[in-house]
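Per-entry structural report
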Amino acid sequence: MTYVEDELRSQPECWTRAAAEAPSYREVLPAPGERVAIVGCGTSYFMAQAVAALREGAGQGETDAFAASEFPHGRPYDRVLALTRSGTTTEVLELLGQLKGRTRTTAITADPHTPVMTAADEILVLDFADERSVVQTRFATTAVTLLRAHLGLHTETAVADARTALAAELPQQLVACTQFTFLGRGWTVGLANEAGLKMREASLSWTEAYPAMEYRHGPISITTRGTATWMLGEAPEGLAQQVRATGGLWVEGGLDPLAELVRAQRLAVAVAAHRDLDPDRPRHLTRSVILAP
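Residues numbered from 1 in each chain as written. Predicted model: local features only at pLDDT ≥ 70, side-chain atom pairs only at ≥ 80, totals over all residues. Heavy atoms only, no water.

What to know about the nonpolar core
One finds I108, F180, F182 and L267 to be the most contacted residues of the largest nonpolar core, which totals 66 residues. Broken down by element, this core gets its largest block of residues, 9 residues, from helix α11 (residues 257–274). Apart from residues no more than four positions distant in its own chain, L267 is found in contact with L170, L174, V175, F180, M199 and W230. Within the second largest apolar cluster, 16 residues are counted, among which are Y77, V80, A82 and A107. (Core = buried A, V, L, I, M, F, W, Y, C linked by side-chain atoms within 4.5 Å. Buried < 20%, exposed > 50% of the residue type's maximum accessible area, 1.4 Å probe, protein only. Helix = DSSP H or I, 4+ residues; strand = E, 2+ residues; numbered from the N terminus. Contact = heavy atoms within 4.5 Å.)

Here's what the structure looks like:
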């Protein structure tokens, strides 16, 4: 079993622990009414997109998500929340340094022995969700679970659905598909982006992601036999029928959307195995992007 496969299978336990610990972090996480920016790179950026939509949708306050390198310094925020598994990513550390003394910062990380521990004003460590794999799975979803719980949006259904996602067989025809499209709505757009990234990283797949309503505005033109379109969350009316009419495979996301992401993680590993690739050694990638001065 690869590192990534072993780690992704531990997610139900990680989610349960994160949800239980969420109340103890109330003072260092965004409070209702704060204007917040959530930043990250790669997977963490897509998780930031999901959490920002959840928080704003819950009426907790205006919340934006940015890649750390694209943070708009001209905008005022009460707090910047950084997601960084490694605690060493150059763009995140540089941004936290630039905000020091001007804007309150909080970082969620997996490693308590990295520069982020002093770069941010407040730190939240999820070391039980750290990973050996380059391809990020459980840390990302555990951070989202913690923040869902902080917002009062986590339920045990998500954990139960994650167990279902790990136990159920993947549709066999999925592994043989040549192209994958993931769709989301609201907070699940970020999850769809992350599902696509997992497929690219682990299996070198041609993968795209879109807001579901945008799929009709051009991207559906590439859908045909041998392609798969996977919906994370509730699909817009009529979209499943339109996709099936093209000859493409439609995958209905019937589980909690975060559990659907677990299914997509499993698919990435399965496609990698089908193509004789090692998902623990993705091409051109390292666990953290650290740029030379």
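Remarks on unusual backbone geometry
Look at L204: it is not a glycine, yet its phi comes out positive at around 55 degrees. Tracing the backbone through its elements, the reader meets L204 in the loop between α9 (188–203) and β7 (206–211). Unlike most non-glycine residues, D276 shows phi in positive territory, near 60 degrees. If you trace the backbone, D276 turns up in the segment after α11.

A look at the pattern of salt bridges
Enumeration over the complete set of coordinates arrives at 15 salt bridges. In this structure, the salt-bridge partner of E131 is R85, at a minimum N-O distance of 2.5 Å. With E131 in the loop between β5 (122–125) and α6 (138–150) and R85 in the loop between β3 (79–84) and α4 (90–99), this pair connects stretches of sequence that are 46 residues apart. E131 sits in the buried class, given a relative accessible area of 5%. For the salt bridge of K100 with D121, the shortest nitrogen-to-oxygen distance reads 3.7 Å. Highlighted residues: K100 in the loop between α4 and β4 (104–109) and D121 in the loop between α5 (116–119) and β5, separated in sequence by 21 residues. Taken together, the salt bridges that share partners define one network made up of E34, R79, R104 and E122. (Salt bridge = Lys/Arg side-chain N within 4 Å of Asp/Glu carboxyl O.)

Examining the sheet that holds strand β2 (residues 63–67)
In any sheet, the strands associate via hydrogen bonds between backbone groups, in a parallel or an antiparallel arrangement. Read across the open sheet, the 5 strands follow the order β2-β1-β3-β4-β5; overall the sheet is parallel. Looking along the sheet, the strands with just one partner apiece sit at the ends: β2 and β5. Taken pair by pair, the neighbouring strands of this sheet meet at an average axis angle of 20 degrees, ignoring direction. Pairing between β4 and β5: 4 bridges, direction parallel. By the bridge assignment, T106 is partnered in β5 with E122. On top of the sheet, helix α3 (residues 43–57) reaches β1 (36–40), β2 and β3; it is set at about 170 degrees to β2, its chief contact. Sheet strands touched by α6: β3, β4 and β5. Its angle to β4, the strand with the most contacts, is close to 130 degrees. (Pairing = 2+ DSSP bridges. Axes fitted to C-alpha atoms, helices over the stretch in contact; angles between N-to-C directions.)

Side note on the packing of helix α2 (residues 11–21) against helix α7 (residues 156–167)
Between α2 and α7, the least distance of the axes is 9 Å, while the angle of their chain directions is 170 degrees. Taken together, the axes of α2 and α7 are roughly antiparallel relative to one another. Each of P12, E13, W15 and T16 in α2 lies in contact with α7, whose residues at this interface are A158, V159, A162, R163 and L166. Grouping the constituent residues of the contact of α2 with α7 by class yields 6 nonpolar, 1 polar and 2 charged. (Parallel < 35°, antiparallel > 145°, perpendicular 65-115°, else oblique. Nonpolar A, V, L, I, M, F, W, Y, C, P; charged D, E, K, R; others polar.)

Some details on the side chain of D280
Tracing the backbone through its elements, the reader meets D280 in the segment after α11. Buried and unpaired, D280 has R281 as its nearest opposite-charge partner, separated by 5.5 Å. (Lys, Arg positive; Asp, Glu negative; His and termini not counted.)

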